[in-house]
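Survey of secondary and tertiary structure
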Amino acid sequence: MDEDMLADQRRLVELVEEEGWDVTDLEISAYDSPWADEDDPEATVTITARKPYEGEGDDDDEDDESPYRLK
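Residues numbered from 1 in each chain as written. Predicted model: local features only at pLDDT ≥ 70, side-chain atom pairs only at ≥ 80, totals over all residues. Heavy atoms only, no water.

Overview of helix α1 (residues 3-18)
Counted at 1.5 Å a residue, the expected span for α1 with its 16 residues is 22 Å, and the 22 Å between its end C-alpha atoms agrees. Residues of α1 that are buried: M5, Q9 and V13. For α1, the buried positions fall inside an angular range of 80 degrees around the axis, keeping them on one side. For α1, the exposed residues set more than 90 degrees away from the buried face come down to E3, D4, D8 and E18. For α1, the secondary structure elements touched by its buried residues are β1 (22-32) and β2 (41-50). Looking at where α1 begins, the residue whose side-chain oxygen comes 2.7 Å from the main-chain nitrogen of D4 is D2. (Helix = DSSP H or I, 4+ residues; strand = E, 2+ residues; numbered from the N terminus. Expected span 1.5 Å × (residues − 1). Buried < 20%, exposed > 50% of the residue type's maximum accessible area, 1.4 Å probe, protein only. Arc of directions from axis to C-beta. Contact = heavy atoms within 4.5 Å. Polar contact = N/O pair within 3.5 Å; in protein donor to acceptor, adjacent residues only side chain to side chain.)

Describing a nonpolar patch on the surface
Residues L12, L15 and V45 make up a contiguous nonpolar surface patch of roughly 200 Å² in combined accessible area. Owing to a relative accessible area of 36%, L15 belongs among the partly exposed residues under this scheme. (Patch = residues over 30% accessible without salt bridge, like charges linked within 9 Å, V, L, I, M, F, W, Y side chains within 5 Å. Areas by Shrake-Rupley, 256 points an atom, 1.4 Å probe, with all protein chains shown as cover. Salt bridge = Lys/Arg side-chain N within 4 Å of Asp/Glu carboxyl O.)

Some details on a negative patch on the surface
Residues D2, E3, D4 and D8 make up a contiguous surface patch of negative charge. Mapped onto the secondary structure, E3 falls in helix α1. (Lys, Arg positive; Asp, Glu negative; His and termini not counted. Charge placed at Lys NZ, Arg CZ, Asp CG, Glu CD.)

Some thoughts on the pattern of salt bridges
Enumeration over the complete set of coordinates arrives at three salt bridges. Here E18 makes a salt bridge to R11, at a shortest N to O gap of 3.8 Å. By relative accessible area, which is 41% here, R11 ends up partly exposed. Beyond isolated ion pairs, a larger network of salt bridges with shared partners links R11, E14 and E18.

So yeah, pure geometry; function would need other evidence.
Structure, rendered in structure tokens:
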């Protein structure tokens, strides 16, 4: 894997984390492009991240009839 790809991956993670996200998983795939006539490799990066949001008006005593809510 190319050092430039790894540096780009690290930079993407830094950008996501600077925005308050917690990166929980990351996958980078490097491959030769089937669409180009060149021998230059390409890469895709998949970042999984989570960020908790404080809910507004989340009252525990609120009567919620949602069948999907665990009680």
